[in-house]
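# What the coordinates show
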Amino acid sequence: MTPAEGSIPPAASSAPSTASAPSTASAPSTASAPSTSNGDGELLLRAEHVTKYFPIRSGVLLQREVARVHAVDDVSLELRAGETLGLVGESGCGKSTLARCLARLYPLTSGSVVFEGQDISTLSRRELRPVRRELQMVFQDPYASLNPRKRVGEILSDPLRIHRRGNRDQIKRRVRELLELVGLSPEHINRYPHEFSGGQRQRIGVARALALHPRLIIADEPVSALDVSIRAQVINLLDDLQDELHLTYIFIAHDLGVVRHVSDRIAVMYLGKIVEVSPAEELYQRPIHPYTEALLSAVPIPDPDLSDRRTQIVLEGDVPSPIVPPSGCRFHPRCRYATKICAQQEPPLAEYGGGHLAACHHPLNLGLPAVPTAAAPTAAAPTAAAPTAAAPTAAAPAAAVEPLPHATGEAAGGEVPAEEPQ
């Protein structure tokens, strides 16, 4: 594909599983702001202590704030050029809200987002316009994300006209190139969105995100509303486009098999917090956080013999309310390993070697070797940084702490819900 004159050139590229009892054999290294990135590409995006609360108001004339929904709470992460970061978790855990905060579609309650070395967290709408060219989003619902009153040609040409990317002929040529790039015919340029299937609509959404040659695309559950066969087509399309255009992705999904296939690293969210970040293969082979262990136990295994021998973890209780989140570790009301310290102190996101981080007082699988990856070689041992004063030492034996009453009985999680409300 030859981009039209005046278009933005693509960015530089860089290349790119369960335990019976918690282990406390070694103490992780902790830091005030741990890095969650790996790979050799340049640092493209850094989020520090990103927080987003939605106020709940009461009253008719004089509305006052009576509570807040803690949608995203103190999330920090890094993303390097050329990699794909998968983001998984239950419905309502804050994945889509975090994505919109990173894209600055929502204003932040606190924290900062640095994109290409520029802090974009406080920019005005006009100041954000140049950033929009480099950071685009593919939305979850292909039926609602396209304007039903506009033809496909208008939908794809709008970003080019708004950002003044060429004259009329160049824009028309670029629209045809985009349709061909995502596997649609240029003859579809005069059709309306309702004349396409769900998979074709999602391809149009991908084409719109690619119109300005962005460096980062945030894909918010781009395949959750599609059939399995169409889902594979869209996943393969995104994979091919990443290789061809040197794109960087944040990929949000519920299907853990899909996330494993497309991601270099995976971040697990629970109730507004990131509880674990790891290279993709290592997360599936050596989960450290009990919530990750429960999620992976719900992934179907095609071998019936292996599936029968596996213990599925069924989590007890409901997800706590984000309006009044639990004290300490937010997962402790449903965790089968929980002890009193889990309800009293929030665990820090600690380093366990090889770019693997987790926030847990009783981490799992510490005795297993880390899975080596090309992007991040396995570290021989965690660094010897001293834990913070607020963080308890993970080396203390779990038997020395009295378990919470609810922590007894059968364990585990169920299926990851298929749709997340905004």
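Treat the numbers as computed from the prediction; the structure is a model and nothing was measured.

Reading the values: the criteria
- Residues numbered from 1 in each chain as written.
- Predicted model: local features only at pLDDT ≥ 70, side-chain atom pairs only at ≥ 80, totals over all residues.
- Heavy atoms only, no water.
- Salt bridge = Lys/Arg side-chain N within 4 Å of Asp/Glu carboxyl O.
- Helix = DSSP H or I, 4+ residues; strand = E, 2+ residues; numbered from the N terminus.
- Buried < 20%, exposed > 50% of the residue type's maximum accessible area, 1.4 Å probe, protein only.
- 1 Å grid on protein atoms, 1.4 Å probe; cavity = no way out; pocket = protein on both sides within 12 Å on 5 of 7 lines; lining within 4 Å.
- Points joined across faces, edges and corners; volume = space filled by probe spheres on them.
- Nonpolar A, V, L, I, M, F, W, Y, C, P; charged D, E, K, R; others polar.
- Pairing = 2+ DSSP bridges.
- Patch = residues over 30% accessible without salt bridge, like charges linked within 9 Å, V, L, I, M, F, W, Y side chains within 5 Å.
- Areas by Shrake-Rupley, 256 points an atom, 1.4 Å probe, with all protein chains shown as cover.
- Lys, Arg positive; Asp, Glu negative; His and termini not counted.
- Charge placed at Lys NZ, Arg CZ, Asp CG, Glu CD.
- Phe/Tyr/Trp six-rings, centres within 6.5 Å; stacked < 30°, edge-to-face > 60°.
- Lys NZ or Arg CZ within 6 Å of the ring centre and 35° of its normal.
- pLDDT = per-residue confidence, 0-100.
- Contact = heavy atoms within 4.5 Å.
- Polar contact = N/O pair within 3.5 Å; in protein donor to acceptor, adjacent residues only side chain to side chain.
- Axes fitted to C-alpha atoms, helices over the stretch in contact; angles between N-to-C directions.
- Parallel < 35°, antiparallel > 145°, perpendicular 65-115°, else oblique.
- Left-handed = near helix turned anticlockwise from the far one by under 90°.

Let us now look at the pattern of salt bridges. Under the counting rule described, the total for this entry stands at 16 salt bridges. Among the salt bridges present, the one from Glu 346 reaches Lys 273, with a minimum N-O distance of 2.7 Å. Here the residue Glu 346 occupies a position in the loop between helix H11 (340-344) and strand E11 (350-351), and Lys 273 occupies one in strand E10 (residues 273-279), the gap between them amounting to 73 residues. Relative accessible area serves as the criterion here: at 44%, Glu 346 is assigned to the partly exposed category.

Now for the layout of surface pockets. Approximately 730 Å³ is the volume found for the largest pocket. The set of elements that each furnish at least two residues to the lining of the largest pocket consists of helix H2 (125-134), strand E6 (135-138), helix H3 (152-162) and helix H5 (198-210). The element that contributes the greatest number of residues to the lining of the largest pocket is H2, accounting for 5 residues. Of the residues that constitute the lining of the largest pocket, the class distribution is 11 nonpolar, 3 polar and 7 charged.

Attention shifts here to the pairing of strand E2 (residues 64-80). In terms of strand pairing, strand E1 (residues 43-58) meets E2 through 12 bridges, oriented antiparallel. Directly across from Lys 52, in E2, lies its bridge partner Val 72. Counted between consecutive antiparallel strands, the loop separating E1 from E2 contains 5 residues, among which Gly 59 sits at a positive phi close to 115 degrees.

It is worth spelling out a negative patch on the surface at this point. Taken together, the side chains of Asp 239, Asp 240, Asp 243 and Glu 244 define an acidic patch exposed on the protein surface. Inspection of the secondary structure puts Asp 243 in helix H6 (residues 228-245).

Attention now goes to the packing of aromatic side chains. Under the counting rule described, the total for this entry stands at 4 aromatic pairs. Between Phe 54 and Tyr 106, the aromatic rings sit 5.5 Å apart at their centres with planes inclined by 85 degrees, giving edge-to-face as the arrangement. Of the two residues, Phe 54 is situated in strand E1 and Tyr 106 in the loop between helix H1 (95-102) and strand E4 (110-115); the sequence distance between them amounts to 52 residues. Taken together, the ring pairs connect Tyr 270, Tyr 291 and Phe 331 into an aromatic cluster. Cation over ring: Lys 52 sits above Phe 54, and NZ or CZ is 5.1 Å from the ring centre.

What follows concerns the confidence of the model for the chain. Looking at the chain as a whole, the pLDDT averages 80, with 77% of positions reaching at least 70. Confidence drops under pLDDT 50 across residues 1-27; counting only partners more than four residues distant or on other chains, this segment forms 76 contacts. Predicted confidence for residues 372-422 stays below pLDDT 50, and this span has 104 contacts to residues more than four positions away or in other chains.

Moving on: H3. Of all 11 residues making up H3, 8 are buried, and the element is well covered by its neighbours. Buried residues of H3: Val 152, Gly 153, Ile 155, Leu 156, Ser 157, Asp 158, Pro 159 and Leu 160, and no others. Residues of H3 that are buried make contact with helix H4 (168-181) and H5. The positive-phi residue at the C-terminal boundary of H3 is Arg 164, with phi of around 55 degrees.

On to the sheet that holds strand E5 (residues 118-119). Across the sheet, which stays open at both edges, the 4 strands sit in the order E2-E1-E4-E5 with antiparallel pairing between neighbours. This sheet does not close on itself; its edge strands, each paired only once, are E2 and E5.

Right, let's talk about the side chain of Gln 136 for a bit. For Gln 136, the position within the fold is in strand E6. Exposure remark for Gln 136: the relative accessible area of 16% places this residue in the buried category. In terms of polar contacts, Gln 136 uses its side chain to reach the backbone carbonyl oxygen of Arg 132, at 2.5 Å.

This part takes up the packing of H3 against H4. In the contact formed by H3 and H4, the axes pass within 9 Å of each other and the chain directions differ by 120 degrees. Looking at the two axes, H3 sits oblique to H4. For the pair H3 and H4, the crossing hand works out as right-handed. Contact residues: H3 offers Val 152, Gly 153, Leu 156, Ser 157, Leu 160 and Arg 161, while H4 offers Ile 171, Arg 174, Val 175, Leu 178 and Leu 179.

Next up on the list: the packing of H5 against H6. Contact geometry for H5 and H6: axes closest at 10 Å, N-to-C directions at 20 degrees. Viewed along their axes, H5 and H6 adopt a mutual orientation that is roughly parallel. Considering only the axes of H5 and H6, their crossing is right-handed. Seen from H5, the contacting residues are Gly 199, Gln 202, Arg 203, Val 206 and Leu 210; seen from H6, they are Ile 230, Gln 233, Val 234, Leu 237, Leu 238, Leu 241 and Leu 245.

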